[in-house]
Amino acid sequence: QVQLVESGGGLVQAGGSLRLSCAASGTFLSINAMAWYRQAPGKQRELVAIITGSGSTTYANSVKGRFTISRDSGASTAYLQMDSLKPEDTAVYYCNVRGTTLRYVDAWGQGTQVTVSS
């Protein structure tokens, strides 16, 4: 069973930076993509950034130029470097991995709170 452990959330002032980490347990035969989503109070969960197995990245328009997603090659760990944070970035951030172990996996982390004060 795959489990995701997220870390790195916290409270930061506007303009500051945080780095989120997501470590996936288990042995993957392949990883299709790792992604970060976020959900603010009263809003739907939204995609923040995704990195495919080949390294291609896609970002939400709201975070382009400020956030960077990366992944350890050979490891099932993803990172989200968040710079120039804004109060509207406040949300619970969730990690997601899609890939194959002995079967197809679509797993979510428990979420980590990011709060940006003005």
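Each remark here, short or long, concerns the structure printed above.
Computed from a predicted structure; not experimentally measured.

Lay out unusual backbone geometry in plain terms, naming residues and giving numbers.
Of note in this structure, S84 is not a glycine but carries a positive phi near 50°. Checked against the element boundaries, S84 lands in the loop between β8 (77-82) and β9 (91-100). Taking the relative accessible area as the measure of exposure, S84 reaches 41% and is therefore partly exposed.

Let's hear about the environment of S54: which residues, and what values?
Among the structural elements, S54 can be located in the loop between β5 (46-52) and β6 (57-59). By relative accessible area, S54 is classed as exposed at 68%. C-alpha of S54 to C-alpha of E88: the two residues are 34 residues apart in sequence and 31 Å apart in space. Within polar-contact distance, the side chain of S54 engages the side chain of T52 at 3.0 Å.

Break down the pattern of salt bridges for me, with residues and values.
In this structure the tally under the stated criterion is 3 salt bridges. Note that R38 and E46 form a salt bridge whose closest N and O atoms lie 2.7 Å from each other. Of the residues examined, R38 reaches a relative accessible area of 6% and is grouped as buried. Of the charged contacts in the structure, one is a salt bridge between R66 and D89, with a shortest N-O distance of 2.8 Å. In this pair, R66 is assigned in the loop between β6 and β7 (67-71) and D89 in the loop between β8 and β9, connecting sequence segments 23 residues apart. By relative accessible area, which is 10% here, R66 ends up buried. Sharing partners across several salt bridges, the network here consists of R38, E46, R66 and D89.

Could you give me a rundown of the state of the cysteines, with the residues and numbers involved?
Where two cysteines share a covalent bond between their sulfur atoms, that bond is called a disulfide. Counted by the stated rule, this structure contains 1 disulfide. Across the disulfide from C22 sits C95; the S-S distance is 2.0 Å. Taking the torsion about the sulfur-sulfur bond, which here is approximately -80°, the covalent link between C22 and C95 counts as left-handed. Pair noted here: C22 is in strand β3 (residues 18-24) and C95 is in strand β9, with a separation of 73 residues, a long-range link. A single burial state applies to C22 and to C95, both of which are buried.

Conventions and cut-offs
- Residues numbered from 1 in each chain as written.
- Predicted model: local features only at pLDDT ≥ 70, side-chain atom pairs only at ≥ 80, totals over all residues.
- Heavy atoms only, no water.
- Helix = DSSP H or I, 4+ residues; strand = E, 2+ residues; numbered from the N terminus.
- Buried < 20%, exposed > 50% of the residue type's maximum accessible area, 1.4 Å probe, protein only.
- Polar contact = N/O pair within 3.5 Å; in protein donor to acceptor, adjacent residues only side chain to side chain.
- Salt bridge = Lys/Arg side-chain N within 4 Å of Asp/Glu carboxyl O.
- Disulfide = S-S within 2.5 Å.

By themselves these figures say nothing about function.
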